[in-house]
Amino acid sequence: VEYLTAGGKNEVTVKITEGATAKDVDATLAAAGVITPGALLNFPFKNLATQYPFLNQNSLEGFLFPDTYNFALNSSPETVLRRFLDTFEIKAWPLLSSQKNWYDSLILASFLEREVKSMNDRQIVAGIILKRLKLGMPLQIDATVSYVKCDQGFMNCAKPGVAKEDLKTDSSYNTYAHLGWTPTPIANPSKGAIQAALTPQASGYLYYLTDSRSGETVFSKTL
């Protein structure tokens, strides 16, 4: 058992946390010696779209499934990416594949992963976001503004918090300034966040915020 679980001498264990961005994942793998910096981000992933039909998008964001992986040192980026995509295909795709607008659900799941902690709160927030979308109002997701502010990487971002002036940022990821979904997910969501996105809970609320000290989500009917 020790021999089987210890791994090889040329192997490292890497934990990809929920809510990490593609840029974060690349940096984590590079720091562990699995790939060279930028190798995953710059890989021509669309070459694999015939084998992974869900990959026919403009970004890897959302498809690098959070989990604990064993990788060989100095792996090829294709080998590493296939591991991620195989895991996504097994754990996330069965949930999403039956959805007509499944990519929107993946985007929503990434919002929930970055904004809300508990499953129940995530379901309520999912309902709120979908209600805002239906009403034609801006989605107003702070995490999308932070994604731009942090140059698409939360891990090494010194000031991820969103200030009032940040809400004027000219970006298609700024959900205060632009209506509708962001062009891509803003992180790689967990299975739980995806499940919450697919099971939104109706409520009378239209607004929410997260208490920075307790992590509790506070809901409100009015601004």
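Residues numbered from 1 in each chain as written. Predicted model: local features only at pLDDT ≥ 70, side-chain atom pairs only at ≥ 80, totals over all residues. Heavy atoms only, no water.

## Some remarks on the overall build of the protein
A tally of regular secondary structure across the protein gives 8 helices and 4 strands. Its helices and strands in sequence order give the protein the pattern α-β-α-β-α-α-α-α-α-α-β-β, from N to C terminus. The C-alpha atoms of the protein give a radius of gyration of 18 Å, which matches the 17 Å a tight globule of 223 residues would have. For the protein, the C-alpha atoms occupy an extent of roughly 60 × 40 × 35 Å along the three principal directions. Classification of the 223 residues of the protein by burial places 46% in the buried group. Of the contacts formed within the protein by residues at least 6 apart in sequence, a portion of 67% connects residues at least 24 apart. Put simply, the protein shows about 11600 Å² of open surface, and 51% of that area lies on carbon and sulfur atoms. Averaging the coordinates of the 21 positive side-chain charges in the protein and doing the same for the 21 negative ones gives two points 5 Å apart. (Helix = DSSP H or I, 4+ residues; strand = E, 2+ residues; numbered from the N terminus. Rg over C-alpha atoms; globule rule 2.2 N^0.38 Å. Buried < 20%, exposed > 50% of the residue type's maximum accessible area, 1.4 Å probe, protein only. Contact = heavy atoms within 4.5 Å. Areas by Shrake-Rupley, 256 points an atom, 1.4 Å probe, with all protein chains shown as cover. Lys, Arg positive; Asp, Glu negative; His and termini not counted. Charge placed at Lys NZ, Arg CZ, Asp CG, Glu CD.)

## Re the side chain of T217
Within the element layout of this structure, T217 appears in strand β4 (residues 217-220). The class for T217 is buried, based on a relative accessible area of 6%. Reaching out from T217, the side chain makes a polar contact with the side chain of D121 at a distance of 3.3 Å. Those residues in contact with T217, other than ones at most four positions away along the chain, are V116, D121, V125, Y208, L209 and T210. (Polar contact = N/O pair within 3.5 Å; in protein donor to acceptor, adjacent residues only side chain to side chain.)

## Observations regarding the pattern of salt bridges
For the structure on display, the rule yields 6 salt bridges. R82 is paired through a salt bridge with E78; the nearest N and O atoms lie 3.1 Å apart. Placement of both R82 and E78 in helix α3 (residues 77-91) is noted, with a separation of 4 residues, approximately one turn of the helix. Accessibility expressed as a relative area gives 22% for R82, which makes it partly exposed. The class of E78 is partly exposed, set by a relative accessible area of 31%. A salt bridge links K149 to D166; the shortest N-O distance between them is 3.0 Å. Highlighted residues: K149 in helix α7 (residues 142-149) and D166 in the loop between α7 and α8 (191-198), separated in sequence by 17 residues. You can call D166 buried: its relative accessible area is 12%. (Salt bridge = Lys/Arg side-chain N within 4 Å of Asp/Glu carboxyl O.)

## Quick look at unusual backbone geometry
Positive phi values are uncommon outside glycine, yet N74 reaches one of about 55°. By secondary structure assignment, the location of N74 is in the loop between β2 (68-72) and α3. Its identity is not glycine, yet Q140 carries a phi of approximately 55°, on the positive side. Residue classification places Q140 among the partly exposed positions, given a relative accessible area of 25%.

## Comments concerning the environment of L206
Its place among the elements puts L206 in the loop between α8 and β3 (207-210). The exposure class of L206 is buried, given its relative accessible area of 16%. Spatially, the C-alpha atoms of L206 and Y147 are 23 Å apart, while their sequence positions differ by 59 residues. If near-sequence neighbours (up to four positions away) are discounted, L206 is found in contact with I128, K131, R132, L135, M137, S220 and K221.

## Things to note about α3
Its 15 residues give α3 an end-to-end C-alpha distance of 21 Å, which sits within 8% of 21 Å, the value for a rise of 1.5 Å per residue. Every buried residue belonging to α3 is among V80, L81, F84, L85, T87 and F88, and all of these are buried. Projection of α3 onto a plane perpendicular to its axis shows the buried side chains occupying an angular sector of 155°, all on one side. Packing partners of the buried residues in α3 comprise α2 (22-31), β2, α4 (93-96) and α5 (102-115). (Expected span 1.5 Å × (residues − 1). Arc of directions from axis to C-beta.)

## What to know about the environment of V116
Positionally, V116 belongs in the loop between α5 and α6 (119-135). On the basis of relative accessible area, V116 is assigned to the buried category, the value being 3%. The spatial distance from the C-alpha of V116 to the C-alpha of L179 is 21 Å, given a sequence separation of 63 residues. With near-sequence residues (within four places) excluded, V116 lies in contact with D121, R122, V125, Y208 and T217.

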